[in-house]
Amino acid sequence: MDIFLLILSAYLLGSIPSALWIGKVFYNTDVREHGSGNLGATNTFRVLGKTAGLIVTIIDILKGTAAVLITFIPFFSSTGIHPLFIGFFAVIGHIFPIFAKFKGGKAVATSGGVLLGYNWPIFIIVLLTFLLALKMTKMVSLSSMIVAVVGFVYCIAYYVWTGDFYLMIVVGLMGIFIFYRHRANIGRIKAGTEPKVKWL
């Protein structure tokens, strides 16, 4: 029962549709009806601007972080389940949010938040990689997929060094989700029609 409550809590945290709620409450705008229609930070930046986009990014990151950290609450700490697996359910919640008809974002920020909660130095490495890739490519989608690959390769090396098998597996799974959610973007990148950011 404790494990079920952990999984449910993580899923519900991940399901918080920050882009939708912030858009409706503060901008009277449903971001699903504009831009790419995606409930994520990138579309929020595009539709609502930098301030809203940054707030949504931070909230989406913290959803993953909170899901990992709740496993350390004394009530749940005796379950023995690995924090990364609980964090992974926040990623699933972000992609398939119960509060937004199961149509959510692409899981990049929330996946990063899981890493932040579990091993913050790896999160910093991933974040810097993303910013560098974004600076070079001007495409959030491509930068996200680059980070997914680099993060997985790094976690393989980290596994060889520390034996952290679970980190390697969960980061690999999150990477698969990221590529799957960006499949339409991959087509646009190939066609040369993928939008580029103008603020960096």
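Residues numbered from 1 in each chain as written. Predicted model: local features only at pLDDT ≥ 70, side-chain atom pairs only at ≥ 80, totals over all residues. Heavy atoms only, no water.

A. Region of the structure containing a nonpolar patch on the surface. Side chains of Phe4, Leu5, Leu8, Leu12, Trp21, Ile73, Phe75, Phe96, Ile98, Phe99 and Phe102 sit close together on the surface and give an oily, nonpolar patch of about 1,000 Å² of accessible area. Its location among the elements puts Leu8 in helix 1 (residues 2–15). Using a relative accessible area of 34% as the deciding quantity, one classes Leu8 as partly exposed. (Patch = residues over 30% accessible without salt bridge, like charges linked within 9 Å, V, L, I, M, F, W, Y side chains within 5 Å. Areas by Shrake-Rupley, 256 points an atom, 1.4 Å probe, with all protein chains shown as cover. Salt bridge = Lys/Arg side-chain N within 4 Å of Asp/Glu carboxyl O. Helix = DSSP H or I, 4+ residues; strand = E, 2+ residues; numbered from the N terminus. Buried < 20%, exposed > 50% of the residue type's maximum accessible area, 1.4 Å probe, protein only.)

B. Inspection of the packing of helix 4 (residues 50–69) against helix 6 (residues 108–118) at higher detail. Running from N to C, helix 4 and helix 6 cross one another at 45 degrees; their axes reach a closest spacing of 6 Å. Compared by their axis directions, helix 4 and helix 6 come out oblique. Viewed along their axes, helix 4 and helix 6 form a crossing whose handedness is right-handed. On helix 6, the residues that touch Thr57, Asp60, Ile61, Lys63, Gly64, Thr65, Val68 and Leu69 of helix 4 are Ala109, Thr110, Gly113, Val114, Leu116, Gly117 and Tyr118. A breakdown of the residues in the contact of helix 4 with helix 6 according to their chemical character gives seven nonpolar, six polar and two charged. (Axes fitted to C-alpha atoms, helices over the stretch in contact; angles between N-to-C directions. Parallel < 35°, antiparallel > 145°, perpendicular 65-115°, else oblique. Left-handed = near helix turned anticlockwise from the far one by under 90°. Contact = heavy atoms within 4.5 Å. Nonpolar A, V, L, I, M, F, W, Y, C, P; charged D, E, K, R; others polar.)

C. Representation of unusual backbone geometry within the structure. With a phi close to 50 degrees, Asn28 is a non-glycine residue in the positive phi region. Position of Asn28 among the secondary structure elements: in the loop between helix 2 (18–27) and helix 3 (41–48). A relative accessible area of 72% means that Asn28 is categorised as exposed. If you check the backbone angles, Ala107 has positive phi at about 80 degrees while not being a glycine. Residue Ala107 is classed as buried on the basis of its relative accessible area, which comes to 1%.

D. Layout of the packing of helix 7 (residues 120–137) against helix 8 (residues 140–162). The geometry of helix 7 relative to helix 8 is characterised by a closest axis approach of 9 Å and an angle of 145 degrees between their N-to-C directions. Judged by the sense of rotation from one axis to the other, the crossing of helix 7 with helix 8 is right-handed. Only Val140, Leu142, Ser143, Ser144, Ile146, Val147, Val150, Gly151, Tyr154 and Tyr158 of helix 8 make contact with helix 7, whose side of the interface consists of Ile122, Ile125, Val126, Thr129, Phe130, Ala133, Leu134 and Thr137. Of the residues that constitute the contact of helix 7 with helix 8, the class distribution is 13 nonpolar, five polar and no charged.

E. Highlighting the nonpolar core. The biggest cluster of nonpolar side chains holds 23 residues, and the ones touching the most others in it are Val91, Val114, Leu115, Ile122, Leu167, Val171 and Met174. Once residues lying within four places of it in the same chain are set aside, the contact partners of Ile122 are Leu115, Tyr154, Tyr158 and Leu167. (Core = buried A, V, L, I, M, F, W, Y, C linked by side-chain atoms within 4.5 Å.)

F. Focus on the packing of aromatic side chains. Taken as a whole, this structure holds seven aromatic pairs when the rule is applied. Ring centres of Trp21 and Phe99 lie 6.0 Å apart, and the angle between their planes is 45 degrees; this geometry places the pair in the tilted category. Pair noted here: Trp21 is in helix 2 and Phe99 is in the loop between helix 5 (83–95) and helix 6, with a separation of 78 residues, a long-range link. Residue Trp21 is classed as partly exposed on the basis of its relative accessible area, which comes to 41%. Plain terms: the ring middles of Phe88 and Phe177 are 5.5 Å apart, the flat faces sit at 45 degrees to each other, and that makes the pair tilted. One end of the pair, Phe88, is in helix 5; the other, Phe177, is in helix 9 (residues 165–181), and 89 residues separate them in sequence. Counting every residue linked through ring pairs, the aromatic cluster contains Phe85, Tyr159, Phe165 and Tyr166. (Phe/Tyr/Trp six-rings, centres within 6.5 Å; stacked < 30°, edge-to-face > 60°.)

G. Representation of the pattern of salt bridges in the model. A full pass over the atoms with the stated rule returns three salt bridges. A salt bridge links Lys63 to Asp60; the shortest N-O distance between them is 3.3 Å. In this pair, Lys63 and Asp60 both sit in helix 4, three residues apart, roughly one turn of the helix. There is no split in this pair, since Lys63 and Asp60 are both buried. Linking Glu194 and Arg188 is a salt bridge whose minimum nitrogen-to-oxygen distance equals 2.9 Å. Of the residues examined, Arg188 reaches a relative accessible area of 30% and is grouped as partly exposed.

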